[in-house]
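Spelled out from the first residue to the last, the chains are:
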Amino acid sequence: MADRPTGLDARLVQDAPIPLNARLRCEPGEVLALVGPSGGGKSTILCAIAGLRNIAEGRISCNGSVWYDSEKRINVATRLRRVGFVFQSYALFPHLSALANVMEGLGSGRNGGSERRARELLELVRLGGLETRRPSELSGGQQQRVAVARALARDPEVLLLDEPFSSVDRATRQRLHRELGHLRGRLRMPIVLVTHDLEEAVQLGDRMSILHHGQTLQEGAPHDIMARPANREVARLIDLKNIFQARIAGQRPGAGITALAWGSTRLEAGYNRRFAVGDLVDWVIPSGSVILHRRRRPSRGIRENPVHGRVESMVRLGDTVIVAVKVDAHAGYPLFMSMPVHAAERNSVAPGERVGVSLVRSDIHIMPALQPDGHDDANADP
Amino acid sequence: MDWNAFLLSLKLAGWTVAILLPLSVFIARHLAWRRYAGKAFVEAALALPLVLPPTVLGYYLLVGLGRASPIGQLYEGIFGGPLVFTFEGLLIASIIFNLPFAVQPMQRAFENISEEIRDAAACCGMTSWRKLWRIELPLAWPGLMTAFVLTFAHTIGEFGVVLMVGGSIPGETRTAAIAIYDRVQAFDNAAAGAMSALLLVISLIAIGIANLATSRAGARRG
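Residues numbered from 1 in each chain as written. Chains lettered and ligands numbered in written order. Predicted model: local features only at pLDDT ≥ 70, side-chain atom pairs only at ≥ 80, totals over all residues. Heavy atoms only, no water.

Q: Sorry, what's going on with the sheet that holds strand 19 (residues 335–340) of chain A here?
A: Two orientations exist for strands paired in a sheet by backbone hydrogen bonds: parallel and antiparallel. Residue and element names in this part refer to chain A. With antiparallel pairing, the five strands of this open sheet are ordered in space as 16-20-17-18-19. Each end of this open sheet is capped by a strand with a single partner; those strands are strand 16 (290–292) and strand 19. Between one strand axis and the next, the sheet turns through 50° on average, direction left out of account. Pairing between strand 18 (residues 320–327) and strand 19: six bridges, direction antiparallel. Within strand 19, the position partnered with Val321 by the bridge is Met339. (Pairing = 2+ DSSP bridges. Helix = DSSP H or I, 4+ residues; strand = E, 2+ residues; numbered from the N terminus. Axes fitted to C-alpha atoms, helices over the stretch in contact; angles between N-to-C directions.)

Q: Looking at this structure, I do not really get the interface of chain A and chain B. What am I missing?
A: Interfaces are frequently sized by the accessible area removed from exposure as the parts join. On the side of chain B, 20 residues touch chain A, which itself brings 25 residues to the contact. Counting the surface lost from both chain A and chain B, the interface buries some 1900 Å², and carbon and sulfur atoms represent 60% of this. The largest contributions to the chain A side of the interface with chain B come from A:Phe93, A:His95 and A:Glu104, which together make up 31% of the buried area. There are four salt bridges connecting chain A and chain B. Of the charged contacts in the structure, one is a salt bridge between B:Glu115 and A:Arg53, with a shortest N-O distance of 3.4 Å. Within the residue set of the side of chain A that touches chain B, elements represented by two or more residues are strand 7 (83–86) and helix 2 (98–106) of chain A. Tallied by class, the residues present in the side of chain A that touches chain B amount to ten nonpolar, nine polar and six charged. (Contact = heavy atoms within 4.5 Å. Buried area = accessible area lost by both parts, 1.4 Å probe. Salt bridge = Lys/Arg side-chain N within 4 Å of Asp/Glu carboxyl O. Nonpolar A, V, L, I, M, F, W, Y, C, P; charged D, E, K, R; others polar.)

Q: Where do I start with the pattern of salt bridges in this structure?
A: Side-chain pairs of opposite charge can arise whenever the charged atoms involved come near each other. In this structure the tally under the stated criterion is 27 salt bridges over all chains. One salt bridge connects A:Arg252 with A:Glu268, and the closest N-O pair in it is separated by 3.6 Å. Separated by 16 residues along the polypeptide, A:Arg252 in strand 12 (residues 242–252) and A:Glu268 in strand 14 (residues 265–270) bring together distant segments of the chain. The class of A:Arg252 is partly exposed, set by a relative accessible area of 40%. The partly exposed category is assigned to A:Glu268, whose relative accessible area is 24%. The residue B:Arg29 makes a salt bridge to B:Glu136 at a minimum N-O spacing of 2.7 Å. A residue pair is termed long-range when its members are at least 10 positions apart, and B:Arg29 in helix 1 (residues 3–33) and B:Glu136 in helix 8 (residues 128–139) qualify at 107 residues. (Buried < 20%, exposed > 50% of the residue type's maximum accessible area, 1.4 Å probe, protein only.)

Here it is as structure tokens:
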């Protein structure tokens, strides 16, 4: 007998009211983070998986059973899909106690078995002792935990979390992140987490799917996406500041180097055989991989992709400072680097000062050019 | 004091509430949560009894339910007697002229139940009935109570429509409001005063009960 497919598999396509062209897969026990700007169709995807909204075309299956298939006209009712859904506003039943809310999720009336199970679930989310409280008598974090307990009550085949941490303060959010991390070790179903918070997605997701205008732009492990965005659009969405355009100037597989002509500057990146000499490409580098040359004791690292320019502006964010450097050989947008505040002070980095920086070769990522856009720098947002 | 008329009013109000309220729950949910072309027209039609003079409404009901009308003929064909000037005719008229008093407060109450709450109920695996009983009706409770009180009090107090459709047949269609008018016409002010006072007390009690129930429901929800 063939193995039954496991996990969630969804393909969703429609033009209106919210355009969608999304494909997602989530294995049991895996957290798939759907990330993208608000209004990009993330919540619509969750609602479609739950059967709460109909999608024009597509197919949704979970653990081998088809929940929706536009071609075969299959559309299983929400109440038969066994999804656990944690809504953004939690959507707890306001007239019922925490215990009764969870019992409704168990789908049964008042009987000893379901009450015992509901109490266990509240214990699981560390809400023991608050069973009789109504939602209005609970804090935001506690309400969120009741919502999680209620969602788990159905023993769901898939757990859907719609921005579940957006309505709580930062400290509570961090605590809830830890608790979800702790809880997920005990959950064996696919978990789809919708968030617009990239940090949250990287922290909680085993895989990440970048959505923009309802379209899946890239799917993969969070650190892979962060280091190797598929194109400039993804790079922008994951908040990479240094996005530029260049031409492939040379390929030296033996030395493991692909050379780039960035204006009149020649840069070396890790070897990438996808491109041919002369190809127009986009390239990115994280601001943390732009390294300042020390004035007093220059290191050997200054020979790695050296670039010189003048500090245009500096923005301090806590212990870190983001420095915008106007590159001499390049008239376009500035190059951004981040460094600890003390390092900037020690090296007298200040607006108007000249600086030399190195671009870490292995951290330069080359992508196919999305579209030649007249000027060769994509970055418009310091 | 015309106790018969008084009891008939209570009977009419009781039956109207018993039939109209469940019916209005479905109309109100439909209007609260569905969007479709022509909805504004449906809402306007349902609100008509609020603005039409009762005699105008009564006239149309008299014509619509009369012996020459299809409804009147159908009724007569089945039950062997006319619909107008009977308690049953009065009940149908009462249900129609009370529609906005029952539907509108309920519609507002159902509109206040967020889509996420209803979605959450569906995700809990609830059937439509369970969702209605466990979630929607308890949350819409203040609106239901308001609908109950308005319908009950309005039925007891209605005069124009009742007179047009029912006339003033003792024990059949002479309600307390009609009886009060008759007593005043007969210069029997004592009886008219006693019945008026009783209706006043009943109306006050109904509103008091509704307010109490509504505030308790509010306190329960926090």
